[in-house]
Amino acid sequence: MKNGFDNDKYLKIQSEHIKERIAKFGDKLYLEFGGKLFDDYHASRVLPGFQPDSKLKMLMQLADVAEIVIVISAVDIEKNKIRGDLGITYDQDVLRLRDEFQSRGLMVGSVVITHYTGQEAAKAFRNKLKKMNIKAYYHYTIAGYPSNVALIDSDEGYGKNDYIETTRPLVVVTAPGPGSGKMATCLSQLYHENKRGIKAGYAKFETFPIWNLPLKHPVNLAYEAATADLNDINMIDPWHLEAYGKTTVNYNRDIEIFPVLDAIFKGIYGDNPYKSPTDMGVNMAGYCIFDDDACSEASKQEIIRRYYATLNQLVEGNASENEVAKIELLMKQAGVTADDRKVTIAAKERAAKSKVPSAAIELDDGTIITSETTDLLGTSAALLLNATKHLAGIDHKVKLIPKEMIEPIQKMKVTYLKGNNPRLHTDEVLVALAMLSKSDENCRLAMEQLPNLKGCQVHTTVMLSEVDRKIFKKLGVDLTCEPISKKQKSLIG
């Protein structure tokens with residue numbers, strides 16, 4: 001994919017801008033960090049050239065002045081809330097995040113348990129943290145939050161929360177996921193710091209929507225598609241327009257909460273340093289786009305991928321018709337359809353001819369390779385073999401894995417493991433390829449091509465098993481599937 005984002009410029013100007021914001025407040029800045037600090041693959045897909053760990057690298061440039069506070073909601077602990085992309089609970093992710101940050105030389109000062117009302121699971125987690133010598137604090141639920149400003153801005157509101165002890169001028173407040181209470185944690189600390197005579201400030205770091213791109217720019221539309229389940233809506237910031245006469249983009253939750261924030265700031269300081277939600281932000285990503293067409297096209301493709309992902313979730317009962325309808329509307333606004341994804345057309349054409357589940361992959365040079373289900377291989381497993389053979393310059397007629405090796409594996413799956421599908425999945429094919437690579441030159445050459453699949457596009461005409469989806473994800477492939485379930489799949493072969 002053609003690059004359109006200057007990552008080096010981003011690292012430089014973003015860290016400089018945060019330093020400027022720290023200096024503006026004097027003693028301390030609480031920086032609410034939205035989105036993912038690392039593994040931000042959405043940003044790297046819609047801003048080609050943006051590295052998934054860019055925000056972490058930027059933060060590492062501030063490592064000597066920064067400490068991290070990780071926030072988790074007691075409600076999420078009680079519910080054993082799962083991070084969908086990692087398959088682990090939020091409390092497990094707190095420990096994972098802490099280890100990740102510290103392994104990179106970043107200081108993690110403490111963990112804050114928010115929305116605390118005496119939940120036993122939250123108590124147990126705090127005790128666990130204490131045994132690990134991790135500072136842990138409680139922040140309580142405040143009646144009438146966020147509208148009851150008089151109570152919030154009092155000793156019975158924010159004043160009731162534990163004061164988080166911090167030692168550095170930049171305090172980065174992050175969390176395993178949305179709704180954890182990051183903003184409330186920051187504002188609570190402003191209240192406590194002010195009581196102690198410390199001049200502290202607040203800022204927000206959200207990559208999307210990008211405030212200085214047009215409202216209906218594909219990059220911002222792609223953000224709406226990514227958050228369709230949260231029903232986030234990009235909006236013109238009316239507060240910024242009124243204060244400065246300039247059009248900027250923010251999203252509904254920040255715009256709706258701003259009058260409350262304004263009142264809280266005035267209650268703490270007597271004045272609000274910010275005239276708008278946009279003022280609170282420090283995101284400089286919009287200044288680092290050097291090829292708008294490349295970023296626009298990448299974002300349009302992301303919207304299509306989100307559309308297919310939501311259709312699949314709908315089939316599985318994990319999404320609503322409203323989410324699908326919203327992304328369909330976003331596709332219309334972006335001027336795209338599912339057929340604007342090349343591999344979608346290629347996979348469907350192959351399936352129409354073969355009458356069996358099929359797949360297609362678009363390689364880095366634009367070449368499209370297709371496959372279909374056979375008696376021995378699932379379509380995604382066949383696709384990996386076809387693609388790696390092409391990249392290695394191996395004749396398509398060459399059989400990398402002989403039939404006599406596949407058949408015993410099929411017998412194991414069906415006879416001994418009581419499976420219903422004898423065909424090999426992607427993981428089984430890759431293991432066989434690795435075993436044969438020791439003695440077969442073609443298999444070795446094909447296996448060495450796997451890193452070249454990173455960033456490639458794949459579409460299948462049926463929904464894949466979890467195993468196959470995970471393999472494509474590990475290979476860095478962007479996968480979409482027609483919303484046809486296993487039950488429906490059996491009707492077409």
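This is a predicted model, so every value here is computed, not measured. (Residues numbered from 1 in each chain as written. Predicted model: local features only at pLDDT ≥ 70, side-chain atom pairs only at ≥ 80, totals over all residues. Heavy atoms only, no water.)

Visitor: It is not clear to me how helix 17 (residues 403-416) should be interpreted in this structure. Could you clarify?
Guide: Structurally, the α-helix is built with 3.6 residues per turn, so residues lying three or four positions apart point the same way. For helix 17, built from 14 residues, the straight-helix expectation of 20 Å at 1.5 Å per residue is met to within 8% by its first-to-last C-alpha distance of 19 Å. Every buried residue of helix 17 is accounted for by I406, Q410 and K413. Summarising the axial view, the buried residues of helix 17 lie within an arc of 60°, below the 170-degree limit, and thus occupy one face. For helix 17, the exposed residues lying more than 90 degrees away from the buried face are E404 and Y416. K418 sits one or two residues past helix 17 and shows a positive phi near 60°. (Helix = DSSP H or I, 4+ residues; strand = E, 2+ residues; numbered from the N terminus. Expected span 1.5 Å × (residues − 1). Buried < 20%, exposed > 50% of the residue type's maximum accessible area, 1.4 Å probe, protein only. Arc of directions from axis to C-beta.)

Visitor: How do you make sense of the pairing of strand 8 (residues 200-205) when you look at a structure like this?
Guide: Consecutive residues of a regular strand have side chains that alternate between opposite faces of the sheet. Extensive coverage of strand 8 is indicated by the burial of six of its six residues. In strand 8, alternate side chains face the same way, and those of A200, Y202 and K204 on one face and G201, A203 and F205 on the other are all buried. As judged from the six bridges shared by strand 1 (residues 28-33) and strand 8, these two strands associate in the parallel manner. Bridging across to strand 8, Y30 finds its partner in Y202. (Pairing = 2+ DSSP bridges.)

Visitor: Teacher, can you tell me more about the sheet that holds strand 5 (residues 107-116) here?
Guide: Pairing between sheet strands relies on hydrogen bonds along the backbone, with the strands arranged either parallel or antiparallel. Taken in spatial order, the six strands line up as 6-5-2-7-1-8 in an open sheet, and their pairing is parallel. Every other strand in the sheet has two partners, leaving strand 6 (136-140) and strand 8 as the edge strands with one partner each. Looking at each pair of strands side by side, their axes are set apart by 25° on average, direction ignored. Sheet strands in contact with helix 5 (residues 90-103) are strand 2 (66-73), strand 5 and strand 7 (170-174), and its direction is about 170° off that of strand 2. (Axes fitted to C-alpha atoms, helices over the stretch in contact; angles between N-to-C directions. Contact = heavy atoms within 4.5 Å.)

Visitor: Help me understand the packing of helix 18 (residues 426-436) against helix 20 (residues 466-474) in this model?
Guide: Packed helices, taken two at a time, are described by their axes: the angle between them and the distance between them. Between helix 18 and helix 20, whose axes approach to 8 Å, the crossing angle comes to 60°. For the element pair helix 18 / helix 20, the angle class is oblique. Two secondary-structure elements touch here, helix 18 through T426, D427 and L430 and helix 20 through V467, D468 and I471. Residue classes in the contact of helix 18 with helix 20 are distributed as three nonpolar, one polar and two charged. (Parallel < 35°, antiparallel > 145°, perpendicular 65-115°, else oblique. Nonpolar A, V, L, I, M, F, W, Y, C, P; charged D, E, K, R; others polar.)

Visitor: Sorry if this is basic, but what is going on with the nonpolar core here?
Guide: Side chains of a nonpolar character, in soluble globular proteins, are inclined to be buried together. Ranked by size, the top nonpolar core spans 104 residues in total, and within it L47, F101 and L170 carry the most contacts. It is helix 11 (residues 252-269) that provides the largest number of residues to this core, a total of seven residues. Excluding its chain neighbours within four sequence positions, the residues that come into contact with F101 are L37, F38, L56, I68, I70, L106, V108 and T174. Counting 19 residues, the second-largest nonpolar core is a separate cluster that includes A387, L453, M463 and V477. (Core = buried A, V, L, I, M, F, W, Y, C linked by side-chain atoms within 4.5 Å.)

Visitor: Sorry if this is basic, but what is going on with the sheet that holds strand 13 (residues 457-460) here?
Guide: Across the sheet, four strands lie side by side as 12-11-13-14; this open sheet has mixed pairing. Each end of this open sheet is capped by a strand with a single partner; those strands are strand 12 (368-372) and strand 14 (478-481). Each adjacent strand pair in this sheet contributes to an overall mean axis angle of 15°, direction not counted. Relative to strand 13, strand 11 (residues 358-362) is paired through four bridges, and the arrangement is antiparallel. Each residue of the ladder has a partner; that of I361, found in strand 13, is V458. Along the sheet, helix 13 (residues 292-315) makes contact with strand 13 and strand 14, crossing strand 14 at roughly 50°. Against the sheet, helix 15 (residues 342-354) makes contact with strand 11, strand 12 and strand 13, and its axis sits at roughly 150° relative to strand 11, the strand it touches most.

Visitor: Help me understand unusual backbone geometry in this model?
Guide: Glycine aside, residues mostly have negative phi angles, and peptide bonds mostly take the trans form. For the bond running from Y145 to P146, omega is 5°, close enough to zero to count as cis. Cis geometry is adopted by the peptide bond preceding P209, which originates at F208 and carries an omega value of -10°. Following the sequence through the fold, P209 ends up in the loop between strand 8 and helix 9 (218-226). At N80, a residue that is not glycine, the phi angle is positive and equals roughly 55°. Within the secondary structure, N80 is located in the loop between helix 4 (74-78) and strand 3 (82-83). On the basis of relative accessibility, which here comes to 46%, the residue N80 falls in the partly exposed class. Positive phi is not limited to glycine here, since N133 has a value of about 60°.

All quantities given are derived from atomic positions and should not be read as evidence of function.
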